[in-house]
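Understanding the architecture of this molecule
The residues making up each chain are set out below.
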Amino acid sequence: MYKNLVIVESPAKAKTIEKFLGKDYKVMSSYGHIRDLKKKTFSIDKDTFEPIYEIPSEKKKVVEELKRESQRAGMVWLASDEDREGEAISWHLYEVLGLDPVHTRRIVFHEITPGAIKNAIEHPRTIDTNLVYAQQARRVLDRIVGFKLSPVLWRRVKPALSAGRVQSVTVRLIVDREREIAAFEPTCAYRVVACFYVPAADGKPTLMKAELGTRFKTRQAAQEFLEQCKGATFTAMDVQTKPIRKSPALPFTTSTLQQEAARKLGFSVSQTMTLAQRLYESGQITYMRTDSTNLSDVCLGDAKKVIVENMGEEYHQRRNIHAKIKGAQEAHEAIRPTYMSHQAITSGNAAERRLYDLIYKRTLASQMADALLEKTTVTIGISGSKELFTATGEVITFDGFLRVYREATDDDEHASADATAGLLPPITVGEVLTAGDITATERYTSAPQRYNEAALVHKLEELGIGRPSTYAPTISTIQQREYVRREDVAGTDREVSVLQLHDGTITASTMHETYGSEKQKLIPTDVGVVVNDFLTEHFPQILDYNFTADIEKEFDEIAEGEKAWVGVIAQFDSDFEPLVDRAMADKPEHKVGERILGTDPVSGRPVSAKIGRYGPIVQIGSVGDTEKPRFAQLQKGQTIENITLEEALALCSLPRTLGEADGETVSVGSGRYGLYVRKGKDFVSLPDDLDPITLTLPDALKLFADRAEQQRVRILRAFDEDPEVQILNGPYGPYISSHGTNTRLPRGTKPDDLTFADVQALIQKAAEAPAKPHRTRAKKQS
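Calculation criteria
Residues numbered from 1 in each chain as written. Predicted model: local features only at pLDDT ≥ 70, side-chain atom pairs only at ≥ 80, totals over all residues. Heavy atoms only, no water. Helix = DSSP H or I, 4+ residues; strand = E, 2+ residues; numbered from the N terminus. Contact = heavy atoms within 4.5 Å. Lys, Arg positive; Asp, Glu negative; His and termini not counted. Charge placed at Lys NZ, Arg CZ, Asp CG, Glu CD. Core = buried A, V, L, I, M, F, W, Y, C linked by side-chain atoms within 4.5 Å. Buried < 20%, exposed > 50% of the residue type's maximum accessible area, 1.4 Å probe, protein only. 1 Å grid on protein atoms, 1.4 Å probe; cavity = no way out; pocket = protein on both sides within 12 Å on 5 of 7 lines; lining within 4 Å. Points joined across faces, edges and corners; volume = space filled by probe spheres on them. Phe/Tyr/Trp six-rings, centres within 6.5 Å; stacked < 30°, edge-to-face > 60°. Pairing = 2+ DSSP bridges. Axes fitted to C-alpha atoms, helices over the stretch in contact; angles between N-to-C directions.

What follows is about the overall build of the chain. Each helix and strand in the chain was counted, giving 19 helices and 28 strands. Projected onto its principal axes, the C-alpha positions of the chain cover 100 × 85 × 75 Å. A separation threshold of at least 6 residues defines the contact pool for the chain, and within that pool the share at least 24 residues apart is 69%. When the 103 basic and 111 acidic side-chain charges of the chain are each reduced to a single mean position, those positions are 4 Å apart.

The next thing to look at is the nonpolar core. The biggest cluster of nonpolar side chains holds 130 residues, and the ones touching the most others in it are Phe109, Leu355, Phe539 and Val618. Take this core: its biggest share by element is 10 residues, from helix 5 (residues 129-156). Filtering out sequence-adjacent residues up to four positions away, Phe109 remains in contact with Lys13, Ile17, Ala79, Glu82, Ala116, Ile117, Ala120 and Tyr280. In terms of nonpolar packing, the next biggest core, distinct from the first, is built from 29 residues, Phe196, Phe216, Phe234 and Ile382 among them.

The next thing to look at is empty space enclosed by the protein. One pass over the structure, following the stated rule, counts 2 cavities of 30 Å³ or more. Here the largest cavity defines a volume of roughly 70 Å³. If you go around the largest cavity, you meet 13 residues; those closest to its centre are Ser168, Val171, Tyr483, Val531 and Leu535. Secondary-structure elements contributing two or more residues to the lining of the largest cavity are helix 6 (165-183) and helix 14 (526-538). Considering each element in turn, the lining of the largest cavity owes the most residues, 4 residues, to helix 14. By volume, the second largest cavity amounts to about 40 Å³. Glu82, His110, Thr286, Tyr287, Arg289, Thr290, His332, Glu333 and Ala334 together form the lining of the second largest cavity.

In total, this model carries 15 aromatic pairs according to the counting rule given. Arranged with centres 6.1 Å apart and planes meeting at 55 degrees, the rings of Phe42 and Phe147 form a pair that is tilted. A residue pair is termed long-range when its members are at least 10 positions apart, and Phe42 in the loop between strand 3 (36-37) and strand 4 (53-54) and Phe147 in helix 5 qualify at 105 residues. For Phe42, a relative accessible area of 17% gives the class buried. Residue class for Phe147 comes out partly exposed when judged on its relative accessible area of 31%. The interplanar angle of 65 degrees and the centroid separation of 5.5 Å between the aromatic rings of Tyr676 and Phe683 together place this pair among those described as edge-to-face.

Here we come to the sheet that holds strand 20 (residues 630-633). Read from one edge of the open sheet, 4 strands run 17-18-19-20, paired in antiparallel fashion. Here the strands that pair on one side only, and so sit at the sheet edges, are strand 17 (595-599) and strand 20. Between one strand axis and the next, the sheet turns through 25 degrees on average, direction left out of account. Both strand 18 (residues 606-612) and strand 19 (residues 615-620) contribute to a ladder of 6 bridges, which runs antiparallel. Following the sheet pairing, Lys610 is matched in strand 19 by Ile617. Sheet strands in contact with helix 17 (residues 645-652) are strand 17, strand 18, strand 19 and strand 20, and its direction is about 90 degrees off that of strand 19.

On to the sheet that holds strand 28 (residues 741-744), then. Strand pairs in the sheet, formed through backbone hydrogen bonds, run parallel or antiparallel to each other. Spatially, 4 strands are ordered 25-26-27-28 in an open sheet, and the strand pairing comes out antiparallel. Two strands lie at the open edges of the sheet, namely strand 25 (715-718) and strand 28, each paired on one side alone. With direction set aside, neighbouring strand axes in the sheet form an average angle of 25 degrees. As judged from the 4 bridges shared by strand 27 (residues 733-738) and strand 28, these two strands associate in the antiparallel manner. Note that in strand 28 the partner of Tyr735 across the bridge is Arg744. Against the sheet, helix 18 (residues 697-714) contacts strand 25, strand 26 (725-730) and strand 27, and its axis sits at roughly 60 degrees relative to strand 25. Set on the sheet, helix 19 (residues 756-768) makes contact with strand 26, strand 27 and strand 28; between it and strand 27 the angle comes to about 85 degrees.

Turning to the environment of Gln258, a few remarks are in order. Relative to the assigned elements, Gln258 resides in helix 8 (residues 254-265). The sequence separation of Gln258 and His458 amounts to 200 residues, and the corresponding C-alpha distance is 9.2 Å.

In C-alpha cells, the structure reads:
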C-alpha cells in the first residue's frame, strides 16, 4: 500500500505531474471519460431525464486498473481539469471507482508547475456537483436533440444525416452569410486621389497623396470635377497634429487565441487547441480553456522583470484588466506562459514553438506601455470649388508594446497599400501646393466576407453561442459531416474605369481588377443548405440565435447552483417534442430542398435539382414515370440554388461518346465520385479545368498518356523475380512496395544499386524490427 494516488485525464499530463511529486505519489491517467451515454440507444430515462451511463468496452481495462490502485492507496486525489468537463470526469471516477469520501480529495490547478501542484494539494476541495450538473445538462439536451432530430432528417432529407444543437446554428450563420453575398448588389463611385509635391527640409520635392472627401456616383460627375481642377490653385487650409495612444490587446482567452493563431499562423481552430493542450500538459502554458483575461500576481511581477531588464522602465505598464464576458470565471487565468523567464521553448515541434511564441509575446505586450503616435491631417482647398482634399500621416514617437507585438484583424488580407500612412512633409497653413496627377478611379462596394474559422469563433462568442470548450469541436463537426467545406474562393475579373488629369489633359482608360477572392473560407454545401432550410422552417426555436445563447446562460445558472438541471431539460423537451411530431407527420408534394428547373425540351419531363443518396443531383423525370428518371451529379462550382436548366440538361447528356482509340470506345461521364473519362475498362478522372461538354477525343487521350507517364516516373525499379515487388518514388522519398506492404529505404541508399536479394533483406529486417509505441491522446466529450 502506498500513500497517494493522483488521477488525471491525460497520460501526457500524468507524466509531467509525476516529475513534481515524490515517491509517496503515484500518478495515473483515466484517458478522458471512463463512462458515457450509450452510443446506439437514447440512454436517457424518458420520465426523469436521468442519463443512463455505461463503461465503454475500451475503457474497462483502465477502470479495472484504477479501481485496483485506488483500493491500495491511502488517499486518492482527483486532478482532472478545472472546467465543467473536468469536474464531470472526476465525478464519474468517484462514482465508478466507489471512492471513500474520507479518503478522496478534488484538486484543481490552471498551470502544471511544482508551485501550482503543491498549492492545490494544500487546498483541496470536494467535487462541485453544480458544475457536474451543468455538464450533464448539456450532454442530455444535446442527446435529446440529436436522437430526436436525426431520424426526421433521415426520413425527410437524406439517410445518415445528423443534427446538433450548436452545430445547426453554426451552419445557419454560414448559410445566411452565403445568401447575403448572393443577394449583394455592388454600387460604384469614383474615388479621387491627388498627388502633391511639397518641398522637404532639404528643398527637394516630396510626394504627398491626398484623397477627396467626396466620391462621385457617375463618371460624368468625376469628369466635371477634374475639369474644375484644370488650372486651379491648391492651398493648405488647415494643418492639425494630434497625439494618439494605442493600447495593447488583452492576454489570450480561448477564443482570442483561436482567432489570432488562425490570422497570424494559419492554424485551424482544432489544430490550435491540440497544440495548446500539448503545451499545457507539458507544463509550458496555463490552462487553455478559459474566458478570463486575468493574470496572477506572480506573472505580473515576472513580466515586469523581463520588460525592465530587456527594454527599460519606460516600457513597463502594469495592467490586469478583467474582461466583462458573460459567464467568465475570473478565478481562472488567461492563457499565458507558466514562466515568463522562458522567452522560447526548445521542446515540442515547430508548430508548438510558434504557438508558444505567440502566447508569450501577447502576454508580455499586455504589460507594456502604450504606443505613442502623432497623427497629422492636412486639409487642402481648391480654388473655385467647395470640395476638399485630405492627407493624413502617422508616425510612431514611442513604440511601446509595438516593439513586441501587433494584433492582427480579419481585414488585414483586404487592406490596401493606401491604408499605410507615413510621416507627412512640413506644411504651413496658407501654403500653395503644387499638384501632380489627379486620378478618379471607379470603385465598387464589397460584399460581406465569408467566415473563416477565426471570424466564426468571434461571431459565436459575440452571440453567446457555445463556450470556449465547444468552438473547436463544433467547427470540426460541421466540416466532418460535410455541411460546410473550407476552401479558397476564386475571384472574378472586371473592368474599372479610370480618369486622370495630367499636365492639363484628362485621359480615360480602363484597368482590370479581381474581386471576391478569399482564402480558406467556410462555404455551405448543398446538403448543409437544405438541412438548414428544413430545420429553420420546422424547428425555428432550435435555429434561433437568441434561444441558443439563452440555453448557454441557463447552463451557466446551473453551474452557479441557481437552477435545477432537470427542470431546464424538462421545459426544453416539452417544447421540442411537438415540433418533432409535426415534422414527421408533414407530407410535402416535393422532396425537401428540391428545386424545379424547368422542362426537358426532348421528353417534356420535369427537370429538377435536389439531394440524392450520394449528394446533390439533377434529375429528368419523376420516380413514378413509366420511363426511368435520368440522374447526374452536380459538379464543382454548381449548387442546387444556382444551377440552370441548360447546365442540368448538359449534365444529363452524359455519358458522351468521344470516339474510338486502339479499338476501344472513349467516353466522358459523371459518377458518384465526379467526372471521368473512360477508355474500354480503364478510367481517369477529369480535371476541374476541363469541360465534359466540350471535351475532345485528343484531350481525353492526353489524360491517359499523362497518367501513364506519371506511373512510369513513379516506378523506380521493377524485378522480374516478383512483379509485385517494386521500388517506388513517394512524397517522402523512395520506398519498397511488396504485396501491399511498404518499407522505407535507409537514408543514402540508391535504388539502382539494390538487387532483388537486397530488397528482400530490407523487407525482412523491417518486419523483425520492434514496433514503435502508438501515442494515445485522451479525448474529452464535446
